[in-house]
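# Architecture at a glance
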Amino acid sequence: MNKKSDLIYGIRPVIEVVKSGKHLERVFIQKNLKGDLYKELIVELHRTKVPISKVPVERINRFTRKNHQGVVALLSPIEYQSVENLVPLLFERGESPLFLILDEITDVRNFGAIARTAECLGAHGIIIPVKGGAQVNEDAVRTSAGAFNYLPVCRESDLKACISFLQKSGISVVSCAEKTDNLLRNADFTGPTALIVGSEEKGINLSLLEQSDTICKIKMHGRIESLNVSVAVGMALYEIQMQRAK
């Protein structure tokens, strides 16, 4: 359960927190909630790309028994960045952007471990979906060993649109998946790159695979055909940095 200090409850208080510019991790809204104030809340949440969960009132009551009006928000421990702002900034600094796109990575400890590895190996940011991905909660922050303090995280409502923006910006989008003959070590990562990794259960969504410029895999020698996603990310990022160091 989240700390009481992380909770904002009540429709108007949550609206004001969003308008103030504070970052929310998720907002839980009671199912079938109605009214003009509720509509204003939804507009503000969509504007700022805050994840919304429609839940029974019993779920809301687990957070607080006070007058929550059917709405509870969790403050985020980090400030989310915008891909549209971050990409031009990197090019202006003369850097070759390197992003990680996490497609439905739901395990918070894997998420934290990925952030730790990404920060250590020079990634410029992590891109996650608004829906279907792990939250940046206390477990994720702890597992990251402080990486979230330095590594930008961009939360996007539409990964396909985000990928299209990256490609139009001159960034090559590479999916790391098993169903290909192309090996990661044979790809060229010296230019601007965004690497997509998927969950261990579902892998990368087909629509994102089709949108990728290239699909590559890590060469395997053992009998087990898959790696923990955080380990796979570490191996891929190490390969990328080895190429860039030459």
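The rules behind each value
Residues numbered from 1 in each chain as written. Predicted model: local features only at pLDDT ≥ 70, side-chain atom pairs only at ≥ 80, totals over all residues. Heavy atoms only, no water. Helix = DSSP H or I, 4+ residues; strand = E, 2+ residues; numbered from the N terminus. Expected span 1.5 Å × (residues − 1). Buried < 20%, exposed > 50% of the residue type's maximum accessible area, 1.4 Å probe, protein only. Arc of directions from axis to C-beta. Contact = heavy atoms within 4.5 Å. Pairing = 2+ DSSP bridges. Axes fitted to C-alpha atoms, helices over the stretch in contact; angles between N-to-C directions.

Turning our attention to helix α2 (residues 36-47). Taking 1.5 Å per residue as the helical rise, α2 with its 12 residues ought to reach 16 Å, and the 17 Å between its terminal C-alpha atoms agrees with that figure. Taken residue by residue, α2 has Tyr38, Leu41, Ile42, Glu44 and Leu45 as its buried positions. Seen end-on, α2 carries its buried residues on one side only, within an arc spanning 165°. In α2, the exposed positions angled more than 90 degrees off the buried face are occupied by Asp36, Lys39, Val43, His46 and Arg47. For α2, the elements touching its buried residues are α1 (11-19), β2 (24-30), β3 (52-55) and β4 (71-75).

A separate point is the sheet that holds β2. Taken in spatial order, the 4 strands make up an open sheet running β1-β4-β2-β3, and their pairing is mixed. Every other strand in the sheet has two partners, leaving β1 (7-9) and β3 as the edge strands with one partner each. Shown here is a sheet whose adjacent strand axes are inclined to one another by a mean of 20°, direction ignored. Alignment of β2 against β3, held across 4 bridges, turns out to be parallel. Paired with phenylalanine 28 across the strands is serine 53, a residue of β3. The strands that α1 touches are β1, β2 and β4; relative to β1, the one it contacts most, it runs at about 125°. Strands β2, β3 and β4 of the sheet are contacted by α2, whose axis makes an angle of about 150° with β2.

The next subject is unusual backbone geometry. Positive phi values are uncommon outside glycine, yet glutamine 69 reaches one of about 60°. On the secondary structure map, glutamine 69 appears in the loop between α3 (57-63) and β4. Look at glutamine 69 and you get partly exposed, because its relative accessible area is 38%. The backbone of alanine 145 shows a phi angle near 55°, a positive value even though the residue is not glycine. Position of alanine 145 relative to the elements: it lies in the loop between α6 (138-143) and β7 (153-156).

A separate point is the sheet that holds strand β6 (residues 125-129). The pairing of strands in a sheet happens through backbone hydrogen bonds and is either parallel or antiparallel. Pairing is parallel in the open sheet, where 6 strands are placed in the order β7-β6-β5-β9-β8-β10. The open sheet has two edge strands, β7 and β10 (214-216), and neither has a second partner. Adjacent strand axes in the sheet meet at a mean angle of 25° when their direction is disregarded. Looking at chain direction, strand β5 (residues 98-103) and β6 are connected through 3 bridges and run parallel. Residue pairing for β6: phenylalanine 99 is matched across the bridge by glycine 125.

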